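A look at the structure
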Amino acid sequence: MRMVNLRASYSARRVALVLAVILVLGFLLLPGQLQSVFQQMGSPLGWIISWPLQVVAGIYDRIADVWGRYVALQEVEEENQQLKRELDLLKEQNGQLREASVATERLSALLEFKKQVLPASVAAQVIGRDTGNWYKTIILNKGSSDGLQSDQGVITPAGVVGRVVKTTASTAVVLLVTDPNNAIAGLIQRTRDEGIVEGTTQGQARLKYIPLLSNARPGDHVVTSGLVGGVPRGIPIGTIIRIDKEEEALFQSAELSPEVDPNRVEEVLVIQSSSIPTEGERLGVPKPKS
Amino acid sequence: MKALIYFAVIVGLVPIQSVLLPHISVWGVKPDLSFVAVCLVGLIAGELDGLLVGLALGWAMSLFSAQDLISGAVLKGTTGFVAGLAGRQVVYLSPIVLVAGLLVVSCLTGLVTPFVLKLSVQQDWWWAVWTVVLPQACLDAVIGGLIYWLMWSRLNIEQLMSESRM
């Protein structure tokens, strides 16, 4: 039978109880002093405990690190995939918004240009290129049912694109200004010398029949003269990049870099008006009093 | 049924030629799928089919080009007719022979075209040969050979030719 010393236990309990009461009262009545006492008493103990604590903490960190990096990777992988999907979606939306923004700017410029320059013109979209290799043409999504006819000029806000050579009810074929079979009357803006602009086989254009006495030079801008080609006067064609002057020739010629890159044209204006306004009328210059 | 297939070929080839091929052209030159189609139709189905499909396809392609309608139709029609006559003379046609044949016929057609179209003086014969005729003939021959090889490996061409020509 187990013997229990109730007396000793009772007195020890009593002592412990008294000490606890004193401690509680001490905490309540003298909190600052007791805390500093305990702090000082605990410093060596804390230093001793800190060693195994750091070891355990290090182990825990390593385990947590391993868990986070490798064991819990499944969740991270899923999260990563989800984030990638969201990123792709946002990229796609961003691309669409950029494209919409660019298209809006382009169409606004075209609309503004149409309002201010050409009252009778039709906006059309490029839907294709020549089916053969012999001509440089573009195909428009508007045709004879929209009022398009052969020999009508085709322009963009940047400059001349070409002229309509063929139409169906819903499409039109435009011979580009860079095609060697195309010819438009051109004018050097600075010197006012006129000539004929033809395309070249290298995809550029050439201003021919410039008078020998002309002082045209590279960098001069060439615009339409409005005489031939169904395009009003003053629409940019290109910039002179080289002057060719042959001995004993009656004229000089100039190689042009076209203002419009035909490979990048997306929307154009087809000039329908039979009475093409003059440069003065277009620019709003007051007419001289009669 | 045959007419429906020809109609589908004509309607389908024009958008492919004008919208898709310019994006995959080699050195600015694209193959002439209508030429390949007309040659294959002429070889397999005979000179009459080749002529009619050539005329129709040449006309349809010319509608979407600066090329005049009549020359386009006549050139393609003639090509189809010649292909039909050539097909009648051969008993067995391997893809290699077809490639060589397409190369020669495409070159000949390409050499005739600048004179028929009365192009600019800049586009002289020498320019035409090096810039358009030879590259296009090579592309036509490769594509035509590929299509014929696919048909040759999957279909009984001799039987198809004899049935089509009846």
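Above this text sits the structure in question.
A brief look at the structure comes next.

The rules behind each value
Residues numbered from 1 in each chain as written. Chains lettered and ligands numbered in written order. Predicted model: local features only at pLDDT ≥ 70, side-chain atom pairs only at ≥ 80, totals over all residues. Heavy atoms only, no water. Contact = heavy atoms within 4.5 Å. Buried area = accessible area lost by both parts, 1.4 Å probe. Salt bridge = Lys/Arg side-chain N within 4 Å of Asp/Glu carboxyl O. Polar contact = N/O pair within 3.5 Å; in protein donor to acceptor, adjacent residues only side chain to side chain. Helix = DSSP H or I, 4+ residues; strand = E, 2+ residues; numbered from the N terminus. Nonpolar A, V, L, I, M, F, W, Y, C, P; charged D, E, K, R; others polar. Buried < 20%, exposed > 50% of the residue type's maximum accessible area, 1.4 Å probe, protein only. Phe/Tyr/Trp six-rings, centres within 6.5 Å; stacked < 30°, edge-to-face > 60°.

**A short note on the interface of chain B and chain A**
Between chain B and chain A, the residue contacts involve 30 residues of the former and 23 residues of the latter. Buried surface at the junction of chain B and chain A, both sides included, amounts to about 2,100 Å², of which 57% is carbon and sulfur. It is F64, A66 and Q122 of chain B that lose the most area in chain B upon contact with chain A, and together they represent 28% of the buried surface on that side. At the boundary of chain B and chain A, one finds zero salt bridges. If you look at where chain B meets chain A, you find 18 residue pairs in polar contact (both at pLDDT 80 or more). Broken down by secondary-structure element, the contributors of at least two residues to the side of chain B that touches chain A are α1 (2–20), α3 (47–62), α5 (95–117) and α6 (125–154) of chain B. At five residues, the largest contribution of residues to the side of chain B that touches chain A is made by α6 of chain B. In the side of chain B that touches chain A, the residues fall into 16 nonpolar, twelve polar and two charged.

**Here's the deal with the environment of H221 of chain A**
Residues and elements named next belong to chain A. Relative to the helices and strands, H221 resides in strand β9 (residues 221–224). By relative accessible area, H221 is classed as partly exposed at 40%. When the C-alpha positions of H221 and S257 are compared, they lie 9.7 Å apart, and in sequence the two are 36 residues distant.

**Looking at the packing of aromatic side chains**
Overall, the coordinates contain two aromatic pairs over all chains when judged by the stated rule. Between Y209 of chain A and F251 of chain A, the ring centres sit 5.7 Å apart and the planes meet at 90°, which makes this aromatic pair edge-to-face. Of the two residues, Y209 of chain A is situated in strand β8 (residues 205–211) and F251 of chain A in strand β11 (residues 251–258); the sequence distance between them amounts to 42 residues. The partly exposed category is assigned to Y209 of chain A, whose relative accessible area is 44%. Ring geometry for W126 of chain B against W130 of chain B: centres 5.8 Å apart, planes inclined by 70°, an arrangement best described as edge-to-face. In this pair, W126 of chain B and W130 of chain B are both assigned in helix α6, four residues apart and thus about one turn of the helix distant. One exposure class covers both W126 of chain B and W130 of chain B, and it is exposed.

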